[in-house]
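Fold and contact review
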Amino acid sequence: FVRQREYVRANDVYLRLAIGNAPWPMGVTGVGIHARTAREKIGEDSVAHIMNDEQTRKYIQAVKRLITKAQSYAPTAPSKMVSS
């Protein structure tokens, strides 16, 4: 999408890659106000997420930086750009 200067769509793809479609992507485990049995077994360490791996996180951040730089070098219509 960057080649077509569709930066909003490129940003949407980046967000799907980085966050995914999970409702609580960063590992929220305690969403209620009442104590639950076996809550200690649901530790946040056991939640798998793509951003937990340091090397993968750096590559995903590099993709975002490339999208942002491409937008500054080759601007297009404001409706197709991501405001920062």
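Details of the structure are given in the entry above.
Summary of the structure given here.

What to know about the pattern of salt bridges
Scanning all chains against the criterion turns up two salt bridges. With a closest N to O distance of 3.5 Å, Lys80 and Glu6 form a salt bridge. Of this pair, Lys80 sits in the segment after helix 2 (54-73) while Glu6 is found in the segment before helix 1 (7-18), placing the two residues 74 residues apart along the sequence. Here Lys80 falls in the partly exposed class, since its relative accessible area comes to 32%. Notably, a salt bridge pairs Glu54 with Arg57, separated by 2.4 Å at the nearest N-O pair. Of this pair, Glu54 and Arg57 both sit in helix 2, separated by three residues, roughly a single helical turn. Here Glu54 falls in the partly exposed class, since its relative accessible area comes to 42%. For Arg57, a relative accessible area of 23% translates into the label partly exposed.

Digging into the environment of Gln71
With respect to the helices, strands and loops of the structure, Gln71 is situated in helix 2. Among the residues examined, Gln71 registers a relative accessible area of 12% and is labelled buried. Filtering out sequence-adjacent residues up to four positions away, Gln71 remains in contact with Tyr7, Met81 and Val82.

Definitions and cut-offs
Residues numbered from 1 in each chain as written. Predicted model: local features only at pLDDT ≥ 70, side-chain atom pairs only at ≥ 80, totals over all residues. Heavy atoms only, no water. Salt bridge = Lys/Arg side-chain N within 4 Å of Asp/Glu carboxyl O. Helix = DSSP H or I, 4+ residues; strand = E, 2+ residues; numbered from the N terminus. Buried < 20%, exposed > 50% of the residue type's maximum accessible area, 1.4 Å probe, protein only. Contact = heavy atoms within 4.5 Å.

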